[in-house]
Amino acid sequence: MSIDYKQELKSKQNEQVSEYINKVLELIEKEEINEQEAAWITKETIDGFREHVNPGFLAYRKTVTKDGQFAAVEWSDNGSCFKDVNGKEYIDCLGGFGIYNVGHRNPKVLKAVTDQLKRQALHSQDLLDPLRAMLAKILADITPGDLKYAFFTNSGTESVEAALKLAKMYSERTTFISTTRAFHGKSLGSLSGTAKGMFRKPFLPLIPGFRHVPFGDIDMMRKTFEVCASVGEDVAAVILEPIQGEGGIILPPENYLKQVRELCDQYGALLIFDEVQTGMGRTGKMFAAELYDVVPDIICLAKAFGGGVMPAGAIVAREEVFKSWFPNPFMHTTTFGGNPLACAAAIATIGVLIEEKLPERAAEVGEYFLKELIQAAKGHEDKVQEIRGQGLMIGIEFHQDEIGYEVSKGMFDRGILVAGTLINSKTIRIEPALTISYEEVDRVVRNFKEVLEYVKG
Ligand SMILES: *Cc1c(COP(=O)(O)O)cnc(C)c1O
């Protein structure tokens, strides 16, 4: 090929790419789309997933939807609902696995983010950025006990990474105790804490020093501490979710977390609470730690932290622990963590949670929701094994994966998004906006009851 010809081809390609980009930008700009545009978006999305994203995702969608509904393409959202390109509305009971605590596009969060966007989107990386300082102060005020210093991240996985590195640096130890059914993320560090074999096996060995004990079993936890001490592998930290989310909404046995705290103190280990999913009001308190009256040394946040508008995460630690990073604040860094847009979103989110008493609302609505679901499942004990929850973190466990999938399908058909968990597909998780109305809850329960009637046990 001659150089001229190559250049010509390249510029033709660029022309086509530009044309495509402009078409997409025009669609983004539109307030309403028509039928023809909706069809084009659907086609481009399915083709794009098949050819350039991951065809496996289309196959997955087919397993959780009826007929051609795998092809539903989301387009807009508001409150406790979102809409697909064809205008069909869904009550979002999956809630992005717990992102939308203050609802989809909460107006106060949107305003803070757009106001900030008009002035400065990202930070210089070198000067002092004001919102990071203000958000850190707010976090020190609202987190339990003497948690005081914050480091900001872009995701839950990154929060867990930061917590693990801080614990290593502080303790100069390398052993961690995690729990079965735990989910802490999928980066090599956080995956070491995650429990599911399927996600870990291809990547072994992960970071050395991780031991898993059954969640809720305090005797095993105690024995593991004893063994670690006796073989000279002192424990840097225990990491756990106060209530396990991804594992299928598993509540801790009475006093378990208090006893874990005592063991940590006895052996000089840190306690890390991964509240990426349980935090920000989800369980009926601002943080699940408060439910059990236990103060961790490090708390990990993300998911709802950015108000369902910005990706944002944080760890908050006690001064004694965090001060390991005082001499060199560059020991652990991230370019985008704590950026002004994310901080603006988090500050507004915490404001909404407090002003609108959303943790309290999660407790009230959650109790009602749980009671109604249990009532609706009466007579279907052959299909439903257990319904449990805390606040608006509810799990419906079926006897088999298959039943869970069928119920998900039926619900989606009726405009309600629920999710089988990735790790434990026998359990459907319900994690709607904490602002969900009682009418919407009733609609979900009514449909659940109707779907249960026809699904085969
Ligand atoms: C979702 C989740 C994570 C991972 O967060 P990402 O933002 O997906 O990286 C970690 N821990 C818990 C408890 C979670 O629920």
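Note that the structure is predicted; figures quoted are calculated from it, not measured. (Residues numbered from 1 in each chain as written. Predicted model: local features only at pLDDT ≥ 70, side-chain atom pairs only at ≥ 80, totals over all residues. Heavy atoms only, no water.)

**Q** Tell me about the packing of aromatic side chains, and name the residues and values.
**A** Following the criterion strictly, the structure yields 15 aromatic pairs and no others. Here Y149 and F322 contribute two aromatic rings whose centre-to-centre distance is 5.5 Å and whose plane-to-plane angle is 15°, an arrangement assigned as stacked. Of this pair, Y149 sits in strand 4 (residues 147-153) while F322 sits in helix 13 (residues 319-322), and the two are 173 residues apart along the sequence. Looking at F322, the relative accessible area reads 9%, which means it is buried. With centroids separated by 5.0 Å and ring planes inclined at 70°, the aromatic side chains of Y149 and F326 adopt a geometry described as edge-to-face. Taken as a pair, Y149 in strand 4 and F326 in the loop between helix 13 and helix 14 (340-355) lie far apart in primary sequence, 177 residues in all. Looking at Y149, the relative accessible area reads 27%, which means it is partly exposed. Overall, F326 belongs to the partly exposed group, its relative accessible area being 38%. An aromatic cluster of three or more residues is present, and its members are Y149, F151, F322, W325 and F326. Here the basic side chain of K23 rests over the ring of W40, its NZ or CZ set 4.2 Å away from the ring centre. (Phe/Tyr/Trp six-rings, centres within 6.5 Å; stacked < 30°, edge-to-face > 60°. Helix = DSSP H or I, 4+ residues; strand = E, 2+ residues; numbered from the N terminus. Buried < 20%, exposed > 50% of the residue type's maximum accessible area, 1.4 Å probe, protein only. Lys NZ or Arg CZ within 6 Å of the ring centre and 35° of its normal.)

**Q** Lay out unusual backbone geometry with the relevant residues and their values.
**A** With an omega of -5°, the peptide bond between L204 and P205 qualifies as cis. Assignment of secondary structure puts P205 in the loop between helix 9 (197-200) and strand 6 (210-213). For I249, which is not glycine, the phi torsion reads 55° and is therefore positive. Within the secondary structure, I249 is located in the loop between strand 7 (235-240) and helix 11 (256-267). With relative accessibility at 0%, the residue I249 sits in the buried group. One non-glycine residue, M280, adopts positive backbone phi at about 60°. Tracing the backbone through its elements, the reader meets M280 in the loop between strand 8 (270-274) and helix 12 (288-291).

**Q** Quick one: what's the story with the domain arrangement of the protein, residue by residue and with numbers?
**A** Interfaces are frequently sized by the accessible area removed from exposure as the parts join. Under the domain assignment, the protein is made up of domain 1 (107-355) and domain 2 (358-454). The C-alpha centroid of domain 2 is placed 27 Å from the C-alpha centroid of domain 1. A combined buried area of about 2000 Å² lies between domain 1 and domain 2, and 60% of that area is made up of carbon and sulfur atoms. Looking only at domain 1, the three residues that lose the most surface to domain 2 are E246, I249 and R282, adding up to 37% of its buried area. Linking domain 1 with domain 2 are two salt bridges. A salt bridge links E431 to R282; the shortest N-O distance between them is 3.9 Å. If you look at where domain 1 meets domain 2, you find eight residue pairs in polar contact (both at pLDDT 80 or more). (Domains from an automatic or database assignment. Buried area = accessible area lost by both parts, 1.4 Å probe. Salt bridge = Lys/Arg side-chain N within 4 Å of Asp/Glu carboxyl O. Polar contact = N/O pair within 3.5 Å; in protein donor to acceptor, adjacent residues only side chain to side chain.)

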